[in-house]
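Residue-level structural notes
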Amino acid sequence: MNLETYQRGLQRLITHGYSTSDDSAYLQGLVGTSRLAVAKEVVCFWRAYGLERFCILTAGLLKSMGRFENDIERFISTEKFSPFIEEAGLQFLRFMATDNDLTVAALAQTEIAFHDTRTNIDEEKAVDWPCNPEPVLLAIINRNDISPEMFAISHYRLRVCRALPGGYICELAL
Amino acid sequence: MKAGVGTSFEEVDPAFTSLILPLADVIEVIPDTLAVKQGKHPIIPEAALQNLSEIAEHATIIVHGVGLSIGSFHGWNENYFRLLDQILAVVPVAWHSEHLGFINVDGQFLGTMLALPRTQEALDLVAERTRLIMERYPLPFYLENIVNLLPDPPAEMTEAAFLNRLARNGGCELLLDIYNLECNAHNQDYAIPDFLDEIDLNLVREIHVAGGTERAGLMLDIHSRRTREMTRKLLPEVLSRTPNVEAIIYEVMPQAVPALGHQAWAEELHFLRSVVQST
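The structure reproduced in this document is the subject of the present report. (Residues numbered from 1 in each chain as written. Chains lettered and ligands numbered in written order. Predicted model: local features only at pLDDT ≥ 70, side-chain atom pairs only at ≥ 80, totals over all residues.)

Remarks on the overall build of chain A
Put simply, the rule reads: In this text, helices come from DSSP runs of H or I with a minimum length of four residues, and strands from runs of E with a minimum of two, each type numbered from the N-terminal end. Three exposure classes are used. Buried residues have 20 or more other C-beta atoms within 10 Å of their own C-beta, exposed residues have 12 or fewer, and partly exposed residues fall in between, all C-beta atoms being placed from the backbone. By the convention adopted here, residues make contact when the C-beta atoms placed from their backbones lie within 7 Å.
Within chain A, the regular secondary structure consists of eight helices and three strands. Mapped in sequence order, the helices and strands of chain A form the string α-α-α-α-α-α-α-β-α-β-β. Projecting the C-alpha coordinates of chain A onto the three principal axes gives extents of approximately 60 × 35 × 25 Å. Taken across its 174 residues, chain A has 30% of its residues classed as buried. Considering only residue pairs separated by 6 or more positions, chain A has 48% of its internal contacts joining residues 24 or more positions apart.

Brief notes about the overall build of chain B
This is how it is decided: Between the two quantities, the radius of gyration covers C-alpha atoms and the globule rule is 2.2 Å times the number of residues to the power 0.38.
Along its length, chain B carries eleven helices and 14 strands. What you see for chain B is a C-alpha radius of gyration of 18 Å, in line with the 19 Å of a compact globule of 279 residues. Of all 279 residues assigned to chain B, the portion counted as buried reaches 48%. Restricting the contact set of chain B to residue pairs at least 6 apart, pairs at least 24 apart contribute 75%.

Considerations on the sheet that holds strand β1 (residues 124-129) of chain A
Sheet strands pair via backbone hydrogen bonds, and the direction of the pair is either parallel or antiparallel. All names here are of chain A. What counts is decided by this rule: Paired strands, in this sense, are two strands between which DSSP finds at least two bridges. Here an axis means a line fitted to C-alpha atoms, over the contact stretch when the element is a helix, while the angle between two N-to-C directions is reported on a 0 to 180 degree scale.
An order of β1-β2-β3 is seen for the three strands of this open sheet, with the pairing classed as antiparallel. Either end of the sheet is taken by a strand with one partner, and the two such strands are β1 and β3 (168-172). Going from strand to strand, the sheet's axes swing by 20° on average, the running direction of each strand aside. Strand direction decides the pairing type here: β1 and strand β2 (residues 156-161), joined by six bridges, are antiparallel. Its bridge partner being in β2, V127 is matched across the sheet by L158. Running over the sheet, helix α7 (residues 102-116) touches β1 and β2 and is turned about 170° from β1.

Observations regarding the sheet that holds strand β5 (residues 60-64) of chain B
All names here are of chain B. Here we have eight strands rolled up into a closed barrel, ordered β1-β2-β5-β6-β9-β10-β11-β14, and parallel in their pairing. Direction aside, the axes of adjacent strands within the sheet are offset by 30° on average. Across four bridges, strand β11 (residues 204-209) lies against strand β14 (residues 247-250) in parallel orientation. Bridge pairing links H208 to I249 in β14.

What about the interface of chain A and chain B?
In plain terms, the rule: Here the nonpolar group is Ala, Val, Leu, Ile, Met, Phe, Trp, Tyr, Cys and Pro; Asp, Glu, Lys and Arg are the charged ones; every other residue, Gly included, is treated as polar.
Taken together, the 31 residues of chain A in the interface contact 29 residues of chain B. Breaking the side of chain A that touches chain B down by element, the ones donating at least two residues are α1 (3-16), α2 (25-30), α3 (34-54) and α6 (85-96) of chain A. With eleven residues, the single largest contributor to the side of chain A that touches chain B is α3(A). Here the residues of the side of chain A that touches chain B sort into 18 nonpolar, five polar and eight charged.

Quick notes on unusual backbone geometry
Residues and elements named next belong to chain A. Unusually for a residue other than glycine, R143 sits at a positive phi of about 55°. Structurally, the position occupied by R143 is in the loop between α8 (133-141) and β2. By C-beta crowding, R143 is classed as exposed, having 9 other C-beta atoms within 10 Å.

Overview of the packing of helix α3 (residues 46-56) of chain B against helix α4 (residues 79-90) of chain B
All names here are of chain B. Counted only if it meets this: Each angle is binned into one of four classes, with values under 35 degrees roughly parallel, values over 145 roughly antiparallel, values of 65 to 115 roughly perpendicular, and all other values oblique. Note: crossing handedness is left-handed where the near helix turns anticlockwise from the far helix by less than a right angle, and right-handed where it turns clockwise.
Closest axis-to-axis distance for the α3/α4 pair is 9 Å, and the angle between their directions is 50°. One finds that α3 runs oblique with respect to α4. Along this stretch, α3 crosses α4, giving a crossing that reads as right-handed. On α4, the residues touching L49, L52 and S53 of α3 are Q86, I87 and V90.

Here's the deal with α7(A)
Residues and elements named next belong to chain A. Formally: The span one expects for a helix is its residue count, reduced by one, times 1.5 Å.
Here α7 contains 15 residues, and its C-alpha end-to-end distance of 21 Å stays within 8% of the 21 Å for a straight helix at 1.5 Å per residue. Among the residues of α7, those classed as buried are A106, L107, A108, Q109, T110, E111, I112 and A113. Against the buried residues of α7 lie α4 (56-64), α6, β1, α8 and β2.

Some points on the pairing of β11(B)
Residue and element names in this part refer to chain B. Of all six residues in β11, six are buried, a share of seventy percent or more. Sheet topology note: the strand β10 (residues 173-177)/β11 ladder contains four bridges and is parallel. Paired with L175 across the strands is E206, a residue of β11.

Observations concerning the nonpolar core
For clarity, the threshold we go by: A set of buried residues drawn from Ala, Val, Leu, Ile, Met, Phe, Trp, Tyr and Cys, joined through C-beta atoms within 7 Å, is what defines a nonpolar core.
With 90 residues, the main nonpolar core has B:I27, B:L174, B:L176, B:I178, B:I207, B:V209 and B:I248 as its most contacted residues. Residues contacting B:L174, with those up to four places away along its chain left out, are B:Y142, B:L143, B:L163, B:A167, B:L203, B:V204 and B:R205.

What follows is the structure, encoded as structure tokens:
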């Protein structure tokens, strides 16, 4: 096992958890071990810490839904994450912006819009929501429980712009 | 020569300036944690550089990288040098150091630092890169022993022998992290006295101590706690056998400071000072 095959094999194990039949006995022996699980947990821990601070809203909703750690693990397996949180945060938000849960996707798109409009006071972004965003956002910001009623289906458009009071406005979509 | 006492610095914090900085002879700056990504490359913002200038008025600055990935087969991470250049442009740096491991594979960030196999191939690669670093910067350069959570890969030499040969072949010296040594002794089931008897302690120029946590029976290199009793017993012993140590650094990550408290952080520096004075 030379350095290249060792490092590529470890990357595959850390990122995806599997080895190939071409891998050395050492690498194949790591599959499913508690040591590999702890190493992966360490990766998730550091990613989660940074993302919690950068993607406050999306991370808040995912945590309240009990799926944050699982989503971090899925995100890591995409191999598209930067060591720099400004970049990794947006990568994570883009990843969550296509989530099957439309509320999660809308919130991630909204958070991207907040970041995109942060430095340009005139820029405006619009995100369509499958429920009223206001109670969801308030619950996350105030760290209150998020109840299922908050996800009652209705169509809203959330406009994000620094020039708006509070930075955004929610409108019932027609 | 008495070793200096110091600590790590990652974030601006008024309590750090008032409570911690006055206790430190040396401040260890981690460029990667000060940097932000702007455009293609990371940079250290002007405000952070200004903070370093202010800190440099009170303490010696040393740079401790985490992002160089000196052991990656495909090449190292040039961003480390960009950040080091930025720091060197504003403050004097006594020496710089990195971890003996890799965090990138094919340019992709792994999210954690992994250990190298102790083979001749890895030794030759890192020694060559170490020589290049020392040609590039007229500064001492030290390499640090890191924690390996995974089982030891097939090795051609012991950890101590690998470090000794690396220093000899690469021309660098060593940063001995006592907490990492404890973690590896626990995780890899080897005896610390054997390691200390084999490693050339004359090569050790800097010592790290820290406190961390355990997970699934493994000791983790997460600098979140105060030093434990074993570290405190080991430090004087190691220090008495390392005549060329210039600094002992207590490492703590900023995320842990709210729970740890600045008072506890300060007490760690007082402890280091007491060890230096009594050794």
